[in-house]
Amino acid sequence: MAGNSQRRNKRNPGSKKGPQVGTGGHSRRALRGKGPTPPAEMRKGHAKQRAAQAAAKRAARPGGRAGVARGRGGKGTAELVYGRNSVVEALRAGIPGSALYVAQFIDSDDRVREALKLANDMSIPLMEAPRPELDRLTEGGHHQGLALQIPAYEYAHPDDLVEIAHDNGEVPLVVVLDGITDPRNLGAVIRSAAAFGAHGVVVPERRAAGMTAGAWKTSAGAAARVPVARASNLRQVLEAYQKQGLFVVGLAADGSDELAELSTADEPLVIVVGSEGKGLSRLVTETCDQTVAIPMAAGNESLNAGVAAGIVLYEVSRRRAL
């Protein structure tokens, strides 16, 4: 009987009776580690995960805390960036996120590890999600297990930009964009505005580029320092600036003067930049106090809006430094 008992225990190691036969560490998975402990925000049921999920939901709601600028100018639209390269590039650019969605059982690589580290450094909540949920959020897009939720941008009011200058004891310098529809051009203008001391950028509310992930990335982090205001009527905003004592200068290929003849660089100034193809609209041109042209070599008709804005902002900054 004893021999039969031992044979049963060898065949059934889970039996409580008699000696049990172990693997001796020779089984395929016996000595395989489970990898590093995931952050608390990614542990199912952990208090920090619940808190992160609640914070992400609050940020995604209309009226939630988001963006970097003052809120009198209204809000943009929430956006989702997905795909490993896109998410990593967005996080490297410092785009503020309300949540980083990570697929359950994701196959980790350098991009995933960098995304998790950057999100943790930026205090962006990490949310583990089943792949079907990520498929739903990205509407079937190729997300590769990563998606970054970008909250709606809080636009400033155009008057805020002048107030910022006065609060800093500086001469106001504002850039207004007329008909710029490419977010990358907006991002490039914001970057130049930050480099040459402008106090903000104004964009139209309709038919114009807004603060999307593309604008954030092109700004190379400058969008975190330079407020963007939104205007429902560009002509009315320019007239309001004129009443506050600002001189409005429009950039135009057929401008009445060349940039070297701009005599108001030291004064409170608004620089209006039009689209590369159409230039300034008629009503905006009529509102400008002066239109100036950037001299170029023969055969070149126009400059990219970001480049044109950078040239004029540099010239104004140079003269103000004299």
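Preceding block: the structure.
Think of each chain on its own: its residues are numbered from 1, step by step along the sequence as written. It should be noted that, the model being predicted, local features are given only for residues of pLDDT at least 70 and side-chain atom pairs only at 80 or more, the latter also being counted only at that level, while totals for whole chains, interfaces and linings use all residues. To obtain the side-chain values, all non-hydrogen atoms of the structure were used and water was disregarded.

Draft legend 1. Spotlight on the packing of aromatic side chains. Any pair of Phe, Tyr and Trp rings, taking the six-membered ring for Trp, is counted once the centres come within 6.5 Å. Such a pair is stacked with planes under 30 degrees apart, edge-to-face with planes over 60 apart, and tilted for the rest. In total, this model carries 3 aromatic pairs according to the counting rule given. When the ring of Tyr-153 is compared with that of Trp-216, the centres are 6.2 Å apart and the planes differ by 70°; the resulting orientation is edge-to-face. Highlighted residues: Tyr-153 in the loop between strand 4 (146–150) and helix 6 (158–167) and Trp-216 in helix 8 (residues 213–218), separated in sequence by 63 residues. The buried category is assigned to Trp-216, whose relative accessible area is 3%. Pairing Phe-196 with Tyr-314 gives two aromatic rings, centres 5.9 Å apart and planes at 70°, and the pair type is edge-to-face. Of this pair, Phe-196 sits in the loop between helix 7 (183–195) and strand 6 (200–204) while Tyr-314 sits in helix 11 (residues 305–321), and the two are 118 residues apart along the sequence. Every helix listed is a DSSP run of H or I at least four residues long, and every strand listed is a run of E at least two residues long, numbered separately from the N terminus. Partly exposed describes any residue whose relative accessible area lies between the buried limit of under 20% and the exposed limit of over 50%, with all areas from a 1.4 Å probe on protein chains only and scaled to the type maximum.

Draft legend 2. Layout of the side chain of Thr-291. On the secondary structure map, Thr-291 appears in strand 11 (residues 290–293). Any N or O atom pair separated by 3.5 Å or less is treated as a polar contact, with the protein-specific requirement of one donor-capable and one acceptor-capable atom, and with residues adjacent in sequence counted only for side-chain atom pairs. A distance of 3.1 Å separates a polar atom in the side chain of Thr-291 from the backbone nitrogen of Ser-256. Ignoring anything within four residues of it in the chain, the contact list for Thr-291 reads Gly-250, Ala-252, Gly-255, Ser-256, Asp-257 and Thr-285. Only heavy atoms enter the contact rule, under which two residues are in contact if any of them lie within 4.5 Å.

Draft legend 3. Quick peek at the nonpolar core. Grouping buried Ala, Val, Leu, Ile, Met, Phe, Trp, Tyr and Cys residues that are joined through side-chain atoms within 4.5 Å yields what is termed a nonpolar core. Counting 57 residues, the largest nonpolar core has Leu-100, Val-201 and Met-211 as its most contacted members. Broken down by element, this core gets its largest block of residues, 6 residues, from helix 11. The contact partners of Met-211, leaving out residues within four places of it in the chain, are Tyr-153, Tyr-155, Leu-186, Ile-190, Trp-216, Ala-223 and Val-228. If you look at the next biggest cluster of nonpolar residues, it comprises 19 residues, including Val-162, Val-176, Val-202 and Leu-234.

Draft legend 4. How the structure looks around the sheet that holds strand 1 (residues 79–82). If you trace the 4 strands from one edge of the open sheet to the other, you get 1-4-2-3, paired in mixed fashion. Each edge of the sheet is formed by a strand with only one pairing partner; in this case those strands are strand 1 and strand 3 (126–129). Taking the axes of each pair of neighbouring strands and ignoring which way they run, one obtains an average angle of 25° across the sheet. Taken together, the 4 bridges between strand 1 and strand 4 define a ladder with antiparallel strand orientation. If you follow Leu-80 over to strand 4, its bridge partner there is Gln-149. Docked against the sheet, helix 3 (residues 84–92) engages strand 1, strand 2 (99–103) and strand 4, running at close to 40° with respect to strand 4. Orientation is described by lines fitted to C-alpha atoms, with helices fitted over the stretch in contact, and by angles between N-to-C directions that extend from 0 to 180 degrees. Those strands touched by helix 4 (residues 110–121) are strand 2, strand 3 and strand 4, and its axis lies near 150° from that of strand 2. Here, a strand pair is defined by DSSP locating no fewer than two bridges between the strands.

Draft legend 5. Highlighting helix 9 (residues 234–243). Looking at helix 9, one finds that the buried residues are Leu-234, Val-237, Leu-238 and Tyr-241. For helix 9, the angular spread of the buried residues around the axis is 100°, confining them to a single face. Opposite the buried face of helix 9, at more than 90 degrees from it, the exposed residues are Gln-236 and Lys-243. Taking the backbone nitrogen of Arg-235 as reference, a side-chain oxygen 3.1 Å away marks Asn-233 as the first, capping residue of helix 9. With its phi angle positive at about 95°, Gly-245 sits one or two positions after the end of helix 9. Directions from the helix axis toward the C-beta atoms define the arc.

Spatial relationships are all this shows, so hold off on functional conclusions.
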